[in-house]
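# Observations on the three-dimensional arrangement
Below, each chain spelled out in residue letters.
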Amino acid sequence: METGLGSDPPTFDKNRVLDVKPLRCISPISSFPPFGSQVSHPPPPQPPPNPTGFAQFSQFYQPFFNPSIPQYPVHTPAKPDLPKKIPKTPSSTNDQGNSTNSSIPIIDSAGGSNGGKQRSSSITRPTKRVKISEEVRLSSQEGDSVSVGNVLMKFDALRRRLAQVEGEINKRPDLTAGSIMMAQGLRTNMRKRVGVVNGIEVGDIFYFRIELCLVGLHAQSMAGIDYMVLKFDQGEEPIALSVVSSGGYEDDVGDGNVLIYSGQGGKDEGDQKLERGNLALEKSLHRASEVRVIRGVKDVANPTGKVYMYDGLYKIQKSWTEKTKTGAGVFKYKMVRMPGQPEAFTVWKSIQSWREDINSRPGLILQDITAGAEKVPVPLVNEIDIGDRRPAHFLYHTGLKYLKPVNPLIGCKCQGGKCLPSSNCSCILANGGDPPYANGVLAIQKSLIHECGPSCSCYPNCKNQVSQNGPKVRLEVFMTKNKGWGLRSWDPIRAGTFICEYAGEVIDKDDRGGAHVDDDYIFNATHVGDYSNEWNYVPELIGEEKPVDLNEAFKPALPMMISAKKMGNVARFMNHGCSPNVFWQLVLRGQNEDSFPHIMFYAFKHIPPMTELTYDYVESGRMKQCFCGSANCRSFFG
């Protein structure tokens with residue numbers, strides 16, 4: 001972390017080793033291709049239609065979008081001075097996940113106009129289906145990797161926006177965002193099915209139960225067992241489709257490929273009954289049908305939260321009953337993972353053992369390549385080659401080294417780190433009136449965002465300086481099969497999470513329009529302009545007009561050239577990807593746009609543990625063969 005404007009962070013010399021470096025010569029991209037980098041599973045067999053009267057979905061169910069239904073414009077009513085909240089209506093949910101009251105409490109229309117800079121902490125909710133451009137209307141009975149990725153991206157963008165502008169007023173922006181998505185038909189894989197769900201890969205992660213509903217992986221928003229009734233020769237029977245485990249590791253046995261799952265119901269009511277979901281699991285046992293398993297595991301970034309990992313298809317091997325401490329009977333089901341699937345939960349278990357003993361990590365070369373420069377150690381691992389091959393010699397540097405003086409920054413005068421829209425914080429006003437982060441993650445991608453910096457009175461204890469505190473996810477530099485060194489994380493990473501800065505020397509362009517053409521570690525952001533609108537929320541969904549300034553490109557006053565060849569940090573190991581999971585964002589620490597912004601990397605989508613982190617290099621001046629392996633690979637980049 002930089003100690004002050006223009007000051008040099010401490011450097012750490014490494015022993016000179018073999019000159020091995022990742023494939024790179026980069027000028028980063030500023031817009032992103034749609035999701036779909038992974039090859040989806042083939043379509044599963046079509047099950048018989050649901051019998052009449054079967055509850056098809058949970059409390060969030062809405063009819064499939066029909067283009068013939070008239071569309072209604074967004075109505076933005078006059079906003080009162082103070083935000084109001086609709087009182088919560090108690091709702092009960094049965095064990096099939098069908099709510100007796102389908103309404104979800106959301107924030108009523110509130111907030112006033114303030115000249116376009118400061119916004120109220122509440123926004124308008126359209127009560128009717130709004131007219132949304134066709135490229136974002138994603139409803140489909142049959143999904144694929146593109147539609148699944150886009151549904152999740154639009155949901156999380158909407159959730160972040162609600163958390164950004166409503167803050168403490170809305171305690172559950174995920175439920176509000178889910179309700180809006182369902183009401184507008186923004187979902188996919190609407191037809192229930194046994195087995196594989198199109199567009200969802202083993203190991204995919206989710207942060208909210210409603211995400212599982214939106215993509216058709218698990219249709220119950222609360223119940224742990226999802227099932228459907230199918231017709232057989234002998235009549236109709238319930239068949240289990242998926243289960244969500246509670247995350248209780250004491251029920252996991254063996255090597256992580258076995259799950260002991262407890263039935264639903266019972267507790268204070270007495271013995272569990274062999275009905276609904278429990279009966280569906282029993283019938284699936286006798287018919288040897290496949291059941292999707294979603295594991296709920298602890299979120300390392302949020303001790304009170306969970307991450308839901310799709311662990312693939314299981315089969316039920318046996319069932320029995322046990323007595324609880326209170327004497328109630330509980331059904332138990334031994335579920336065994338089907339062979340031949342990619343690893344998912346077993347990887348999670350391995351990572352937990354590495355946390356306890358870093359030396360148990362196979363292929364470990366160094367426990368911390370940063371030599372203590374970062375708050376979180378970054379191990380160096382090589383499981384590909386035999387020997388102690390290491391990256392080329394470089395000085396580990398945590399920030400930017402300026403070769404010329406830079407203009408001083410203007411800071412805010414806020415005290416106590418309370419940089420909020422209501423406080424008239426000059427840094428928040430420079431962002432358009434809203435804080436750039438929502439609960440620690442980037443809310444909206446813009447051409448430039450302003451964080452509070454060393455020149456601000458609130459420094460250093462301010463929530464508006466997320467990217468200045470260094471990486472918080474547990475990163476690992478590892479040897480790839482054909483791209484040199486790469487970067488990945490032990491931790492799951494939520495979309496919008498700050499990952500790291502691109503550190504190095506700030507250099508000038510030469511007469512040929514480039515800088516040190518033989519330098520494969522150049523970050524060329526001279527042509528910064530457009531950025532991705534795909535990642536941002538759809539304003540119509542919450543009654544907002546599209547902000548004009550989102551389309552304005554920031555043109556840096558200084559040449560944006562950074563070299564990480566001689567000095568840099570972990571970002572220098574991040575490889576190119578044609579379907580990237582990381583994007584970069586310009587961040588200014590203060591409000592003087594004539595100063596030098598920083599290049600910060602954020603997660604483009606939810607990233608499972610041990611997934612390589614990549615971003616699109618785009619124009620580098622020299623064509624290089626691409627080995628990213630994505631379905632959308634362009635074969636060459638640059």
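Residues numbered from 1 in each chain as written. Predicted model: local features only at pLDDT ≥ 70, side-chain atom pairs only at ≥ 80, totals over all residues. Heavy atoms only, no water.

### A closer look at the overall build of the protein chain
Inclusion rule: Put simply, DSSP H or I for four residues or longer makes a helix, DSSP E for two residues or longer makes a strand, and each gets a number counted from the N terminus. Under the scheme applied here, a residue whose accessible area is under 20% of the maximum for its type counts as buried, over 50% as exposed, and between as partly exposed, the area being computed with a 1.4 Å probe on protein chains only. Contacts: residue pairs with any heavy atoms within 4.5 Å of one another. Methods summary: accessible areas were calculated by the Shrake-Rupley approach with a probe of 1.4 Å, and residue burial reflects only the protein chains presented.
Within the protein chain, the secondary structure is distributed over 6 helices and 29 strands. For the protein chain, buried positions account for 58% of its 638 residues. Within the protein chain, contacts between residues at least 6 apart in sequence are counted, and of these 74% link residues at least 24 apart. Of the roughly 27,300 Å² that the protein chain leaves accessible, carbon and sulfur atoms contribute 52%.

### Overview of the pairing of strand β17 (residues 475–479)
Our working rule: Any two strands are treated as partners once DSSP identifies two or more bridges connecting them.
With 5 of 5 residues buried, β17 lies mostly within the body of the structure. In this structure, strand β11 (residues 380–381) lies alongside β17, joined through 2 bridges in parallel fashion. Paired with Val 381 across the bridge in β17 is Phe 478. Where β17 and strand β18 (residues 485–489) come together, 5 bridges link them in antiparallel fashion. Bridge pairing links Phe 478 to Gly 486 in β18. Following β17, the chain reverses through 5 residues before pairing antiparallel with β18; Gly 484 in that reversal takes a positive phi of roughly 75°.

### So, the nonpolar core
The tendency in soluble globular proteins is for nonpolar side chains to be buried side by side. Put simply, the rule is: In these notes, a set of buried Ala, Val, Leu, Ile, Met, Phe, Trp, Tyr and Cys residues joined through side-chain atoms within 4.5 Å is what counts as a nonpolar core.
Of all hydrophobic cores here, the largest spans 48 residues; its most connected members are Tyr 502 and Phe 601. Of all the elements, strand β25 (residues 582–589) adds the most residues to this core, at 4 residues. Grouped together as the second largest cluster of nonpolar side chains are 45 residues, Val 151, Val 196, Tyr 310 and Trp 348 included.

### Remarks on the packing of aromatic side chains
Let me state the cut-off plainly: Between the rings of Phe, Tyr and Trp (Trp by its six-membered ring), a pair exists once the centres lie within 6.5 Å; its type follows the angle of the planes, with under 30 degrees stacked, over 60 edge-to-face, and the other angles tilted. By definition, being over a ring means that NZ of Lys or CZ of Arg is both within 6 Å of the ring centre and within 35 degrees of the ring normal.
According to the stated counting rule, one finds 17 aromatic pairs in the structure shown. Geometrically, the ring pair formed by Phe 583 and Tyr 602 is stacked, given 6.0 Å between the ring centres and 25° between the ring planes. Of this pair, Phe 583 sits in strand β25 while Tyr 602 sits in strand β26 (residues 598–603), placing them 19 residues apart in sequence. Taken together, Tyr 437, Phe 498, Trp 535, Phe 583, Tyr 602 and Phe 604 form an aromatic cluster joined through their ring pairs. The ring of Trp 354 is capped by Arg 361, whose NZ or CZ atom sits 4.0 Å from the centre of that ring. In this structure, Arg 572 packs its charged tip against the face of Phe 394, placed 4.0 Å from the ring centre.

### Some remarks on the packing of helix α1 (residues 145–166) against helix α2 (residues 173–183)
Worth spelling out the cut-off: The angle between two axes is taken between their N-to-C directions and runs from 0 to 180 degrees, where each axis is a line fitted to C-alpha atoms and a helix contributes only its stretch in contact. Working definition: roughly parallel below 35 degrees, roughly antiparallel above 145 degrees, roughly perpendicular at 65 to 115 degrees, and oblique for all remaining angles. Left-handed describes a crossing in which the near helix is turned anticlockwise from the far one by less than a right angle; the clockwise case is right-handed. When residues are sorted by character, Ala, Val, Leu, Ile, Met, Phe, Trp, Tyr, Cys and Pro go into the nonpolar class, Asp, Glu, Lys and Arg into the charged class, and all the rest, Gly among them, into the polar class.
Two elements in contact, α1 and α2, have axes whose closest approach is 9 Å; the angle formed by their N-to-C orientations is 130°. Here α1 is positioned oblique relative to α2, judged by the angle of their axes. As α1 runs across α2, the sense of the crossing is right-handed. Across from Val 151, Lys 154, Phe 155, Leu 158, Arg 159, Leu 162 and Ala 163 in α1, the residues of α2 making contact are Pro 173, Asp 174, Thr 176, Ala 177, Gly 178, Ile 180 and Met 181. Residue composition of the contact of α1 with α2, by class: 9 nonpolar, 2 polar and 3 charged.

### Considering the side chain of Asn 569
Basically, it comes down to this: Side-chain atoms alone can form a polar contact between residues adjacent in sequence; in general such a contact is a pair of N or O atoms within 3.5 Å, and within protein one must be able to donate a hydrogen while the other accepts it.
Structurally, the position occupied by Asn 569 is in the loop between β23 (567–568) and β24 (575–576). Looking at Asn 569, its side chain comes within polar contact range of the main-chain oxygen of Glu 501, at 2.8 Å. Apart from residues lying up to four places away in sequence, Asn 569 is in contact with Glu 374, Tyr 396, His 397, Glu 501, Tyr 502 and Ala 503.

### Thoughts on unusual backbone geometry
The peptide bond linking Tyr 459 to Pro 460 adopts the cis configuration, its omega dihedral lying at 5°. Here Pro 460 shows up in the loop between β16 (449–451) and β17. Even without being a glycine, Asn 439 presents a positive backbone phi close to 55°. You can see Asn 439 is positioned in the loop between β14 (437–438) and β15 (441–442). For Asn 439, a relative accessible area of 71% translates into the label exposed. You will see that Met 610, though not glycine, has its phi angle at about 65°, which is positive.

### A short note on the pattern of salt bridges
The criterion, for reference: Each salt bridge in this description consists of a side-chain nitrogen of Lys or Arg and a carboxyl oxygen of Asp or Glu lying within 4 Å of one another.
Summed over the entire model, instances satisfying the criterion amount to 23 salt bridges. For Arg 172, the salt bridge is made with Asp 174, and the minimal N-O distance between the two is 2.7 Å. A relative accessible area of 4% means that Asp 174 is categorised as buried. For Arg 276, the salt bridge goes to Glu 275, with nearest N and O atoms at 2.9 Å. Residues joined by salt bridges that share partners form a network here, namely Arg 361, Glu 383, Glu 476 and Arg 488.

### Focus: the sheet that holds β25
Strand pairing within a sheet occurs via backbone hydrogen bonds; the two strands may be parallel or antiparallel. Spatially, the 4 strands line up as an open sheet ordered β16-β25-β26-β19, and their pairing is mixed. Each of the sheet's edge strands pairs with one partner strand only, and the pair in question is β16 and β19 (498–501). Adjacent strand axes in the sheet meet at a mean angle of 40°, parallel and antiparallel pairs treated alike. Alignment of β25 against β26, held across 6 bridges, turns out to be antiparallel. Opposite Phe 583, over in β26, you have Tyr 602 as the bridge partner.

### Concerning α2
Of all 11 residues in α2, 8 are buried, a share of seventy percent or more. Check the buried side of α2 and you find it contacts α1 and α3 (209–214). Directly beyond the C-terminal end of α2, a positive phi value near 75° is found at Gly 185.

### Brief notes about the confidence of the model for the protein chain
As a reminder of what qualifies: Scored between 0 and 100, pLDDT is the confidence that the predictor attaches to each residue.
Within the protein chain, residue pLDDT values average 77, and 70% of them lie at 70 or more. Within the model, pLDDT remains below 50 along residues 1–10, and this stretch shows 27 contacts once partners closer than five positions in the same chain are excluded. Segment residues 14–121: pLDDT under 50, and 308 contacts once partners within four positions in sequence are set aside and those in other chains are kept.

### So, the environment of Ser 447
Tracing the backbone shows Ser 447 in the loop between β15 and β16. Sequence-wise, Ser 447 and Leu 586 are 139 residues apart; in three dimensions their C-alpha atoms are separated by 6.7 Å.

### Topic: the side chain of Ser 563
By the secondary structure assignment, Ser 563 is in strand β22 (residues 561–563). For Ser 563, a relative accessible area of 5% gives the class buried. A distance of 3.5 Å separates the side chain of Ser 563 from the backbone nitrogen of Lys 565, its partner in a polar contact.

### Examining the sheet that holds strand β20 (residues 504–506)
The strand order β13-β20-β22-β21 describes an open sheet built from 4 strands, whose pairing is mixed. At either end of the open sheet lies a strand with only one pairing partner, and these are β13 (400–402) and β21 (522–524). Across the sheet, the axes of successive neighbouring strands diverge by a mean angle of 30°, strand direction being ignored. When β21 meets β22, the two strands line up antiparallel, connected through 3 bridges. Note that in β22 the partner of Ile 522 across the bridge is Ser 563.

### Notes on the environment of Leu 313
If you trace the backbone, Leu 313 turns up in strand β8 (residues 302–323). The buried category is assigned to Leu 313, whose relative accessible area is 7%. Measuring from C-alpha to C-alpha, the distance between Leu 313 and Val 196 comes to 7.7 Å, with 117 residues separating the pair along the chain.

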